[in-house]
Structure formats: C-alpha cells, structure tokens
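Architecture at a glance
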Amino acid sequence: MHQFDLAAPQALAALLLQATCGSFALLWLMPPEAGRQFYSTIGKSLSPIAWVVTLIAYGLRAHLPSSAVIAIGIVALCVTVYTYGILHDNPLVNVVPHLVGTLAGVIAVWGTAEPHWLSRLHAFAGALFSGTATVGMILGHWFIVRPRMSITPLVRTIHALFALTALNAALSLLAIIPVWARLPHLIGNLQSFLWAHLIFGFVVTSVVNGVALFCARERSTQAATGFLYLAMLSVLIGELCRCLIAAATSLPL
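Residues numbered from 1 in each chain as written. Predicted model: local features only at pLDDT ≥ 70, side-chain atom pairs only at ≥ 80, totals over all residues. Heavy atoms only, no water.

**Considering the overall build of the protein**
Applicable threshold: Helix and strand assignments come from DSSP, with helices taken as H or I runs of at least 4 residues and strands as E runs of at least 2, each series counted from the N terminus. A radius of gyration in this sense is built from C-alpha atoms; the matching globule rule multiplies 2.2 Å by the number of residues raised to 0.38. Each residue is assigned to one of three classes by its accessible area relative to the maximum for its type, calculated with a 1.4 Å probe on protein chains only: buried under 20%, partly exposed between the two thresholds, exposed over 50%. Any two residues having at least one pair of non-hydrogen atoms within 4.5 Å are treated as being in contact. A 1.4 Å probe and the Shrake-Rupley method give the accessible areas. Residues count as covered only by the protein chains that appear here.
Secondary structure summary: the protein contains 9 helices and 0 strands in total. Put simply, the protein runs from its N terminus to its C terminus through helices and strands in the order α-α-α-α-α-α-α-α-α. Taken over the C-alpha trace, the protein has a radius of gyration of 18 Å; the compact-globule value for 253 residues is 18 Å, and the two agree within 12%. Each principal axis of the C-alpha atoms in the protein carries an extent, and together these give about 55 × 40 × 25 Å. Considering the protein as a whole, with its 253 residues, one finds that 55% of them fall into the buried category. A sequence separation of at least 24 residues applies to 78% of the contacts in the protein between residues at least 6 apart. Split by element, the accessible area of the protein, about 11,700 Å² in all, is 71% carbon and sulfur.

**Looking at unusual backbone geometry**
Phi at Asp 89 is positive, roughly 50°, even though this residue is not glycine. We note that Arg 219 has phi near 60°; this positive angle belongs to a residue other than glycine. Relative to the assigned elements, Arg 219 resides in the loop between helix H8 (191-217) and helix H9 (221-248). Owing to a relative accessible area of 39%, Arg 219 belongs among the partly exposed residues under this scheme.

**Description of a nonpolar patch on the surface**
The condition is simple: Patch membership needs two things, relative accessible area over 30% and no salt bridge, and members are linked within 9 Å if like-charged or within 5 Å if nonpolar (Val, Leu, Ile, Met, Phe, Trp, Tyr). When a carboxyl oxygen of Asp or Glu lies within 4 Å of a side-chain nitrogen of Lys or Arg, that pair is called a salt bridge.
Nonpolar side chains collect at one region of the surface, where Trp 180, Trp 195, Ile 199, Phe 200, Val 203 and Val 207 lie side by side and expose about 630 Å² of accessible area between them. Within the element layout of this structure, Val 203 appears in helix H8.

**Concerning the nonpolar core**
Convention followed: In this description, a nonpolar core means a group of buried Ala, Val, Leu, Ile, Met, Phe, Trp, Tyr and Cys residues linked to one another through side-chain atoms lying within 4.5 Å.
In terms of nonpolar packing, the biggest core is built from 81 residues, with Phe 38, Leu 154, Ile 187, Leu 194 and Leu 251 touching the most fellow members. Looking at this core element by element, the count peaks at 11 residues for H9. Discounting chain neighbours no more than four positions away, the residues touching Leu 194 are Ile 176, Leu 183, Ile 187, Ile 245 and Leu 253.

**Section: the side chain of Ser 119**
Positionally, Ser 119 belongs in helix H5 (residues 117-141). For Ser 119, a relative accessible area of 3% translates into the label buried. Not counting the four nearest positions on each side in its chain, Ser 119 is found in contact with Ala 113, Glu 114, Pro 252 and Leu 253.

**Some thoughts on the packing of helix H6 (residues 152-176) against H8**
To be explicit about the condition: Axes, fitted as lines to C-alpha atoms, cover a helix only where it is in contact. Angles between the N-to-C directions of the axes lie from 0 to 180 degrees. Any angle between 65 and 115 degrees counts as roughly perpendicular, while under 35 counts as roughly parallel, over 145 as roughly antiparallel, and the rest as oblique. By the definition used in this description, the sense in which the near helix is turned from the far one sets the handedness, with an anticlockwise turn below a right angle giving left-handed and a clockwise turn giving right-handed. Following the grouping adopted for this structure description, the nonpolar residues are Ala, Val, Leu, Ile, Met, Phe, Trp, Tyr, Cys and Pro, the charged ones are Asp, Glu, Lys and Arg, and the polar ones are all others, Gly among them.
Closest axis-to-axis distance for the H6/H8 pair is 10 Å, and the angle between their directions is 160°. Overall, the two elements H6 and H8 adopt an arrangement that is roughly antiparallel. Remark: the crossing between H6 and H8 carries left-handed chirality. Residue composition of the contact of H6 with H8, grouped by class: 13 nonpolar, 10 polar and 1 charged.

**Focus on the environment of Ser 66**
With respect to the helices and strands, the residue Ser 66 is situated in helix H3 (residues 66-87). Here Ser 66 falls in the exposed class, since its relative accessible area comes to 57%. Remark: the alpha-carbon pair of Ser 66 and Ala 108, spanning 42 residues in sequence, is separated by 10.0 Å.

**Some details on the state of the cysteines**
How we decide: Note that a disulfide, as used here, is simply two cysteine sulfur atoms within 2.5 Å.
Inspection of every chain in the model, using the stated rule, returns 0 disulfides. With no disulfide of its own, Cys 21 has Cys 78 as its nearest cysteine by sulfur position, at a separation of 10 Å.

**Description of the packing of aromatic side chains**
Inclusion rule: Whether two aromatic rings pair depends on their centres lying within 6.5 Å, for rings of Phe, Tyr and Trp, where Trp uses its six-membered ring; planes under 30 degrees apart make the pair stacked, over 60 edge-to-face, and the rest tilted.
Enumeration over the complete set of coordinates arrives at 5 aromatic pairs. Between the aromatic rings of Phe 129 and Phe 202, the centroid separation amounts to 6.4 Å while the plane-to-plane angle is 15°, which identifies the pairing as stacked. Remark: Phe 202 occurs in helix H8 and Phe 129 occurs in helix H5; sequence separation between them is 73 residues. We note that Phe 129, like Phe 202, is buried. Linked through ring pairs, Phe 38, Tyr 39 and Trp 142 together constitute an aromatic cluster.

So, in structure tokens, the structure goes:
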C-alpha cells in the first residue's frame, strides 16, 4: 500500500492516541478536590477512544512496530481498568493501571511517530498539547458540579496551554523554515492542511485561550469553559493536520 493511502488512518490513529495518552498522563496533575467522579468522567471519555485506536492500530499492524501495537492495547486496557478502580475508589485498581498506562503511552507515542527525532519530539509535545486542551475543557466544565472549587488549577491549565502552544509552534517552525524554499515540492497538495495546522493550532488557539484566561480570572467559569471548548477544537484540528502531513510526507512534523 502506498504511503499516501496509509496517511489518513495513520493520522487519525496518531491524533487519537496522542490525545488519549496526553490526557491520561495529565490526570496525575489534576486537583484532588475535583473528586473521583471528575477522574472517572475523563477515564470513561478516553476508554472508547483508546479502543478505537487499538482497532486502527491492529488494522495497520503490518506498518507499525509490534511494540507500539501492543503498547496501544495496554493503554486501552489500563484506561478501562483505571476507570473501574476510580468509580469504586480502589487505589490498587486505579493507581497501578494509571502508572502502567502512562508508561505504555510513552512507548506507543514513540513507536507510532515517524522515525525522525523532530517528529518524535513533536509527537510527545502534541500529546501534551491535545491532552491539556481536553483536560482543561473538562476541568472548566467541572465547576458546574463543584462551584466552590479553587480557580487556581484552571488558570494553571490555561497557562500550560499557552506554553504548549508556543512549544509546538516552535517545533513546527523548526521543521518548516529549513526547507521553506522546497516546501511546495515536499507537501504538494497538502499546503492547505499546513496552513490549517498553523492557523487553527496556534493562532486561533492563542486567541480563544486568552479569552478563556480572562473569563477564568473573573471567575466566569461557564464562559471560560465555552472558550476552552473552542480551544480544544482548534488544537485537535491543528494536530490532525500536522499528523496527516507527517504521515503523508517527509516533513518532520
């Protein structure tokens, strides 16, 4: 099968995998005061996505390292077991899967990224980028459930999203600028996806995240959550375009 024919399923698998692994790993940093229902809600959201990635990876098993395919399956299993453990407040059945799933996520993201140091670094940064946007949106929503929760973790998450926007933008520019003169030849008809990656992933995300920060500081948490929904959407659009270009071309995004 031609590389371009594989690009779409590889890009979808990479996006979903990175968002799942990033979100799951970031649960270590979420505020305990949110309560176990907050963690179980994220786990229940991630679990079906992780199993979809497992199915896609199994279909692409001839084109992926076997270690990556196994690690993806472990991530899906760990997210599912973790959710069960959190729901029943059983530390043994949630802490161990959380640790194993986080480590398996690192292996899975490394194994499915394109074999270039910049691509792999971008895959890890993209996982944290997608994960922060996703978890931040759910954290903002959680103020409806726990209105007395401290606003500080939400503000920190928005600050982290700004930092990751800058980091991922720097990595994209590091990949693009050295080959700028040959860029049309390298990416061909995918130029519109590159612009979508840059505009949605960084410009739109920065603008709506800035509004979310203003709303959060004013403790208008519902308004902040609305803009965090938009931030998550713009991040995922930008990251999907990046994953597609990385899978279809030699550009190390």
